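Here's the letter readout for the chains.
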Amino acid sequence: MENYAIVIFILAVMIGLSSIADHIKIPYPILLIIAGIAVGFIPSLPPIDINPEIIFLIFLPPLLYDAAFNISFKEFKTNINTILTLAISLVFITAVGIAVVAHYMIPGMSWPVSFVLGAILSATDAVAAMSITKGLGLSHKTNTILEGESLVNDASALVAYRFAVAAVTGTAFVFWKASLEFAVLMAGGFLIGMVMSRILAFILKRIHDNHLATISFMLLMPFVTYLIAEEVHVSGVIAVVILGLGISRFSNKVFPEQLKNQSKNIWDIIIFLLNGLIFILIGLQFPYVYKNINSADILPYIGYSLVITIVALLLRMARVFLQRFNLQKAFQKGKHKITEDALLDFKNSLIISWSGMRGIVSLAIAIGLPATLSDGSAFPQRNAIIFISVVVVLFTLIGQGLTLPWLVKKLATEDEG
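Residues numbered from 1 in each chain as written. Predicted model: local features only at pLDDT ≥ 70, side-chain atom pairs only at ≥ 80, totals over all residues. Heavy atoms only, no water.

**Q** Which residues make up the packing of helix α4 (residues 60–70) against helix α13 (residues 257–290), and what are the values?
**A** The geometry of α4 relative to α13 is characterised by a closest axis approach of 10 Å and an angle of 130 degrees between their N-to-C directions. In terms of their interaxial angle, α4 and α13 are classed as oblique. In terms of crossing hand, the pair formed by α4 and α13 is left-handed. Packed against α4, whose contacting residues are Pro62, Leu63, Tyr65 and Asp66, the element α13 presents Trp267, Ile271, Leu274, Asn275 and Ile278 at the interface. Tallied by class, the residues present in the contact of α4 with α13 amount to seven nonpolar, one polar and one charged. (Axes fitted to C-alpha atoms, helices over the stretch in contact; angles between N-to-C directions. Helix = DSSP H or I, 4+ residues; strand = E, 2+ residues; numbered from the N terminus. Parallel < 35°, antiparallel > 145°, perpendicular 65-115°, else oblique. Left-handed = near helix turned anticlockwise from the far one by under 90°. Contact = heavy atoms within 4.5 Å. Nonpolar A, V, L, I, M, F, W, Y, C, P; charged D, E, K, R; others polar.)

**Q** Account for unusual backbone geometry, with residues named and values stated.
**A** Even without being a glycine, His233 presents a positive backbone phi close to 60 degrees. Its identity is not glycine, yet Gln381 carries a phi of approximately 55 degrees, on the positive side. Inspection of the secondary structure assignment puts Gln381 in the loop between α16 (360–367) and α17 (382–416). Residue Gln381 is classed as partly exposed on the basis of its relative accessible area, which comes to 24%. (Buried < 20%, exposed > 50% of the residue type's maximum accessible area, 1.4 Å probe, protein only.)

**Q** Pulling in residues and values, what's your account of the side chain of Ser305?
**A** Relative to the assigned elements, Ser305 resides in helix α14 (residues 295–333). Polar contacts involving the side chain of Ser305 include one to the main-chain carbonyl oxygen of Tyr301, which spans 2.8 Å. Not counting chain neighbours up to four residues away, the residues in contact with Ser305 comprise Ile388, Val391, Val392 and Phe395. (Polar contact = N/O pair within 3.5 Å; in protein donor to acceptor, adjacent residues only side chain to side chain.)

**Q** Tell me about the pattern of salt bridges, and please be specific about residues and values.
**A** As enumerated under the stated definition, the model contains three salt bridges in all. The salt bridge involving Glu181 is made with Arg162; its shortest N-O contact spans 3.5 Å. Taken together, the residues span a long stretch of sequence, with Glu181 in helix α10 (residues 175–207) and Arg162 in helix α9 (residues 140–168) at a distance of 19 residues. Residue Arg162 is classed as partly exposed on the basis of its relative accessible area of 41%. The partner of Lys264 in a salt bridge is Asp268, with the nearest N and O atoms 3.0 Å apart. Taken together, the residues span about one helical turn, with Lys264 and Asp268 both in helix α13 at a distance of four residues. Residue Lys264 is classed as partly exposed on the basis of its relative accessible area, which comes to 48%. (Salt bridge = Lys/Arg side-chain N within 4 Å of Asp/Glu carboxyl O.)

**Q** Summarise the environment of Ile8; cite the residues concerned and give the values.
**A** Assignment of secondary structure puts Ile8 in helix α1 (residues 2–24). Exposure remark for Ile8: the relative accessible area of 43% places this residue in the partly exposed category. For Ile8 and Tyr226, which are 218 residues apart along the polypeptide, the C-alpha to C-alpha distance reads 27 Å.

Structure, rendered in structure tokens:
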């Protein structure tokens, strides 16, 4: 009952602050994170443990499904080159870059442990970027690239994390085996998603006159798809994304307008509540991890987190602007079927670069670090990794989150000028 009361309290705070955020012109994710930090320092509040498996099961499937369902398939296909570049190659580049910096900057951090930290912070969270930029009038291209990146990059980050943790536990890393496993995870997730979307389409075609049953099936299927994919050890993230893309195209042909509106209203409420809970939980984790760190280490760790945040941002900017150059070069030579619509201008490139915030996936992966290794010894520098991860998430969300709306408006003003 105590936990039930805490959840109800958090939900009430979240809904209240979301309405206040509109009046004081601060992005509501930032306000919720700050509130979460403040609530977490309440002395009488019991520690709130986040179970990573619950986070992945409760939050990821509906958020990924909703993003995939609502994304423009035509825009997604047009910008697939940029999306895959950010969602796959940039994830691994960021993991390596952060690992190198962490290894040489943080005393006693071995290469395998550095790569664990790099993998945890390698993927961006477009939920945060889209929540913060909502209503700012971003182009369809920018929205599609940010959402498309988030649909795939979680899978890349989870694979990188799995291999990094295996290295810490002493398992030898073999590149070709890792690459093969990554391909199997992605292909398996794609296959499961295709099969489940066909099954759901078959069911919906026969019951779409019953609106409640139709919407209920659509709410349930992302969770079922994710669980089945994870059970057969392929990517649940990719499976849910393919499910969302498949059902989106199917629903446009079959669903009447009334059912589309009814379904959208229900999904909007669910996504609003899940997004709000995510940002509150991120804030709540800071006081919790703060108490597990030696007071003498707190300031140095915050400094390391700031450097890692800047390195991740610079790597992202470099990769995005390199992609812009590569697209222009390929278009001019008429190669790779790059159309003019796929090209990036300076404005899009800068906004996409600045939208590289970390979020709930990084947090859940960090908190899910095993406490002990197979031989019973403690996982090396576990508390340091979790603390730095949480602080980097906060730096990106609050720092970039507060400046991103200003940047978007500034670029829009220059365009008008």
